[in-house]
Amino acid sequence: MSETANVSDIHQAALQRLRFERAMGVEFVPRVTMAPLAAVRQVAPQSVRIPEASAEPAKQPAGSANGTSEPLDRATRWQALEARALACTRCVLHKGRHHVVFGTGNREAKLVFVGEGPGQDEDLQGIPFVGRAGQLLNKIIAAMKLAREEVYICNVVKCRPPDNRTPLPDEVAACWPFLEEQLELVAPKAIVALGSPASKALLRTTQGIMSLRGKWFSYRGIPVMPTYHPAFLLRQYTEENRRAVWDDMKKVVEKIKEGQ
Ligand code: SF4
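Residues numbered from 1 in each chain as written. Predicted model: local features only at pLDDT ≥ 70, side-chain atom pairs only at ≥ 80, totals over all residues. Heavy atoms only, no water.

Focus: the sheet that holds strand E5 (residues 217–219)
- An order of E1-E3-E2-E4-E6-E5 is seen for the 6 strands of this open sheet, with the pairing classed as mixed. Here the strands that pair on one side only, and so sit at the sheet edges, are strand E1 (104–105) and E5.
- Here E1 runs beside strand E3 (residues 152–155); their pairing, made up of 2 bridges, is antiparallel. Bridge pairing links Thr104 to Ile153 in E3. (Pairing = 2+ DSSP bridges. Helix = DSSP H or I, 4+ residues; strand = E, 2+ residues; numbered from the N terminus.)

Structural notes on the packing of aromatic side chains
- On inspection of all chains with the given rule, the structure shows 4 aromatic pairs.
- Centre to centre, the rings of Trp176 and Tyr219 are 5.9 Å apart; their planes meet at 75 degrees, and the pair counts as edge-to-face. Residue Trp176 is located in helix H5 (residues 169–186), and its partner Tyr219 is located in strand E5; the two are separated by 43 residues in the primary sequence.
- Since its relative accessible area comes to 2%, Trp176 is described here as buried.
- Here Tyr219 falls in the buried class, since its relative accessible area comes to 4%. (Phe/Tyr/Trp six-rings, centres within 6.5 Å; stacked < 30°, edge-to-face > 60°. Buried < 20%, exposed > 50% of the residue type's maximum accessible area, 1.4 Å probe, protein only.)

Regarding the site of the ligand
- In the vicinity of the ligand, the residues found are Cys88, Arg90, Cys91, Leu93, His94, Arg97, Lys158, Cys159, Ala174, Cys175 and Phe178.
- Cavity membership is defined here by more than half of the atoms lying within 2 Å of grid points; on that basis the ligand lies in the largest cavity.
- Looking at the shell around the ligand, its residues break down into 7 nonpolar, 1 polar and 3 charged. (Near = heavy atom within 4 Å. 1 Å grid on protein atoms, 1.4 Å probe; cavity = no way out; pocket = protein on both sides within 12 Å on 5 of 7 lines; lining within 4 Å. Sits in = over half its atoms within 2 Å of the grid points. Nonpolar A, V, L, I, M, F, W, Y, C, P; charged D, E, K, R; others polar.)

What to know about the packing of helix H2 (residues 74–86) against H5
- Contact geometry of H2 with H5 gives a least axis separation of 11 Å together with a crossing angle of 160 degrees. The angle between H2 and H5 places the two elements in the roughly antiparallel class. The hand of the H2/H5 crossing is left-handed. Here H2 contributes Arg74, Arg77, Trp78, Leu81, Arg84 and Ala85 to the contact with H5, which in turn contributes Phe178, Glu181, Gln182, Glu184, Leu185 and Val186.
- Among the residues making up the contact of H2 with H5, the classes are represented as 6 nonpolar, 1 polar and 5 charged. (Axes fitted to C-alpha atoms, helices over the stretch in contact; angles between N-to-C directions. Parallel < 35°, antiparallel > 145°, perpendicular 65-115°, else oblique. Left-handed = near helix turned anticlockwise from the far one by under 90°. Contact = heavy atoms within 4.5 Å.)

A look at the side chain of Glu116
- Mapped onto the elements, Glu116 comes out in the loop between strand E2 (111–115) and helix H3 (120–125).
- Those residues in contact with Glu116 that sit more than four places away from it in its chain are Asn155, Val156, Val157, Arg165, Thr166, Pro167, Pro197 and His229.

Concerning the pattern of salt bridges
- Taken as a whole, this structure holds 9 salt bridges when the rule is applied.
- A salt bridge links Glu181 to Arg77; its shortest N-O distance comes to 3.1 Å. In this pair, Glu181 is assigned in helix H5 and Arg77 in helix H2, connecting sequence segments 104 residues apart. Here Glu181 matches Arg77 in class, with each residue buried.
- Residues joined in a network through salt bridges with shared partners are Arg77, Arg84, Glu181 and Glu184. (Salt bridge = Lys/Arg side-chain N within 4 Å of Asp/Glu carboxyl O.)

Side note on helix H4 (residues 132–143)
- Between its first and last C-alpha atoms H4 spans 17 Å; for 12 residues at 1.5 Å apiece the expected length is 16 Å, and the two agree.
- For H4, the set of buried residues is Ala133, Gly134, Leu136, Leu137, Ile140, Ile141 and Ala143.
- After H4 finishes, the residue Lys145 shows a positive phi value of roughly 60 degrees. (Expected span 1.5 Å × (residues − 1).)

Let's talk about the pairing of strand E4 (residues 190–194)
- Among the 5 residues of E4, 5 are classified as buried, and the element is accordingly described as predominantly covered.
- What you see with E4 is no split at all: Ala190, Val192 and Leu194 on one side and Ile191 and Ala193 on the other are buried throughout.
- In this structure, E2 lies alongside E4, joined through 4 bridges in parallel fashion. Counterpart to Leu111 in the pairing with E4 is Ala190.
- Bridge count between E4 and strand E6 (residues 222–227): 4 bridges; the pairing is parallel. For Val192, the partnering residue across the bridge sits in E6 and is Met225.

Have a look at this one:
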């Protein structure tokens with residue numbers, strides 16, 4: 001690649017970054033000394049083997065709901081899956097919920113965002129990511145030049161854990177079959193795992209988000225990009241953390257463009 005092309009690429013990357021910062025409410029970016037190009041080379045992609053899900057499946061075998069051996073069509077499977085989730089009492093979280101927060105967005109999306117679990121606003125409205133963290137997620141999606149309606153958004157657990165605590169392993173296991181079937185039905189080109197609990201559940205790993213983020217992993221052949229949860233970003237709204245999320249989202253945008 002020529003030096004001119006390199007300068008152009010850097011210019012474009014800087015412009016994209018500034019647009020992302022502006023979308024996230026940043027008004028002023030301090031001047032910094034640029035690192036040599038060799039120091040900012042992209043890290044080689046990594047992958048890990050994903051063991052099969054261990055949780056008991058909550059879904060009906062295909063074809064069994066209509067009493068025939070015909071496979072159920074996608075719309076019928078979505079309908080049945082959501083109905084089962086809305087009536088679910090498989091774990092203790094059902095006791096404190098106002099709504100089951102099933103998931104929202106394009107059910108044929110190229111990109112799925114998976115969070116940890118509903119918070120207070122989500123529990124009251126029955127929609128994922130509608131509180132402050134959701135507003136930040138909307139900005140991140142917009143900075144990726146996508147509309148919220150274009151992507152699919154859901155959580156690992158569908159009912160709000162008390163006091164927004166992290167879902168317990170038995171709650172994640174009980175709720176897993178819903179997420180498993182959601183991802184099977186959407187069949188996206190990429191998944192963004194928002195925060196540690198979502199990353200750990202999808203990747204069957206005990207590693208935390210600090211070591212996972214920014215690298216590609218695989219969930220049953222679907223590329224997974226772990227990144228910081230918007231709620232964490234709100235708590236620690238540093239340039240370093242915003243840059244990390246933007247770097248991750250740039251990789252995601254490139255990934256979903258591949259093969260178009
Ligand atoms: Fe059922 Fe999931 Fe809600 Fe637990 S969190 S009650 S498994 S829908």
